[in-house]
Amino acid sequence: MAIPEETWKAEVFADYFGGGLFKYRPDLDKIDFVVMNNGDFSVLWAEVKRNPAGIPEMFAQLILTIGKAKTFEKYMPPQWLGAFDSEKIVFLPYAAASDIFYQ
């Protein structure tokens, strides 16, 4: 039996980002996975897929989600964007994609 997605995301957070330096915030403007530092600034916004998915498709969905909600105007953008599924996790500097939001 598969575990619920929110439980799985919380486990990924604990495995990779736990230890007290960061906190997990689910569903910030429909972004699947948000990691914040203890000063309440985002460090990572990420797209999550439970099953294996293509990296370009995951980043495209994340960018569309951020752009549609204009999350970058409401919250200070993070240093990193990310995408992960049951097989991989990938990070991209936010600055490498930021120009897309203004097109």
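In this numbering scheme, every chain counts its residues from 1 along its sequence in written order. This being a predicted model, a pLDDT of at least 70 is required before a residue's local features are given, and a value of 80 or more before pairs of side-chain atoms are given or counted; all residues contribute to the totals for chains, interfaces and linings. No hydrogens and no water enter the side-chain calculation; it runs on all heavy atoms of the structure.

(A) Spatial organisation of the side chain of Ser-42. What counts as a helix is a DSSP run of H or I of at least four residues, what counts as a strand is a run of E of at least two, and both are numbered from the N terminus. Take Ser-42: it is sitting in strand β3 (residues 42–48). When its relative accessible area of 11% is taken as the criterion, Ser-42 is described as buried. For Ser-42, the residues in contact, after removing those within four places along its chain, are Leu-28, Val-34, Val-35, Met-36, Met-76, Pro-77, Pro-78 and Gln-79. We call a residue buried when its accessible area falls under 20% of the maximum for its residue type, exposed when it is over 50%, and partly exposed in between, using a 1.4 Å probe and counting protein chains only. Contacts: residue pairs with any heavy atoms within 4.5 Å of one another.

(B) Spotlight on the pairing of strand β5 (residues 89–93). Pairing geometry for strand β4 (residues 80–84) and β5, over 5 bridges, is antiparallel. From the neighbouring strand, Ala-83 faces β5, where its bridge partner is Val-90. DSSP-based pairing: two strands are paired if at least 2 bridges between them are found.

(C) A look at unusual backbone geometry. Not every positive phi belongs to a glycine, and Asp-29 is a case in point at roughly 50°. With respect to the element layout, Asp-29 can be found in the loop between β1 (22–28) and β2 (31–37). Looking at Asp-29, the relative accessible area reads 21%, which means it is partly exposed.

(D) Up close: helix α1 (residues 5–17). Working rule for helices: expected span equals 1.5 Å times residues minus one. Taking 1.5 Å per residue, 13 residues should reach 18 Å; α1 reaches 17 Å between its end C-alpha atoms and fits that length. Residues of α1 that are buried in the fold lie against β1, β2, β3, β4 and β5. Two residues or fewer past α1, Gly-19 is found with a positive phi of approximately 115°.

(E) Here's a closer look at the packing of aromatic side chains. Only rings of Phe, Tyr and Trp enter the pairing, Trp through its six-membered ring, and a pair is recorded when the two centres are within 6.5 Å. The plane angle decides the type: under 30 degrees is stacked, over 60 is edge-to-face, the rest tilted. Within this structure, the stated rule accounts for 10 aromatic pairs. Note on Phe-17 and Phe-33: the rings are 6.1 Å apart at their centroids and 50° apart in plane angle, and the pair reads as tilted. Of the two residues, Phe-17 sits in helix α1 while Phe-33 sits in strand β2, which places them 16 residues apart along the sequence. Exposure remark for Phe-33: the relative accessible area of 0% places this residue in the buried category. Through a chain of ring-to-ring contacts, the aromatic side chains of Trp-8, Phe-13, Phe-17, Phe-22, Tyr-24, Phe-33 and Phe-84 assemble into a single cluster.

(F) Here's a closer look at the sheet that holds β1. The 5 strands are arranged β1-β2-β3-β4-β5 in an open sheet whose pairing can be described as mixed. The outermost strands of the open sheet, each flanked by one partner alone, are β1 and β5. Each adjacent strand pair in this sheet contributes to an overall mean axis angle of 25°, direction not counted. Every axis in this analysis is a line fitted to C-alpha atoms, fitted for helices over the stretch in contact. Angles between the N-to-C directions lie between 0 and 180 degrees. Its contacts with the sheet put α1 on β1, β2, β3, β4 and β5, and the angle it makes with β1 is roughly 150°. In the packing of helix α2 (residues 55–69) onto the sheet, contacts are made with β2, β3, β4 and β5, and the angle to β4 comes to roughly 130°.

(G) Here's a closer look at the side chain of Asp-85. Within the secondary structure, Asp-85 sits in the loop between β4 and β5. Residue classification places Asp-85 among the buried positions, given a relative accessible area of 5%. Definition of a polar contact: a pair of N or O atoms within 3.5 Å, with one able to donate and the other able to accept a hydrogen when the atoms are protein atoms, and with sequence-neighbouring residues admitted only if both atoms are side-chain atoms. Separated by 2.8 Å, the side chain of Asp-85 and the backbone nitrogen of Ala-53 make a polar contact. Once residues lying within four places of it in the same chain are set aside, the contact partners of Asp-85 are Trp-8, Lys-49, Asn-51, Pro-52, Ala-53 and Met-58.

That's the geometry; what it means functionally is another story.
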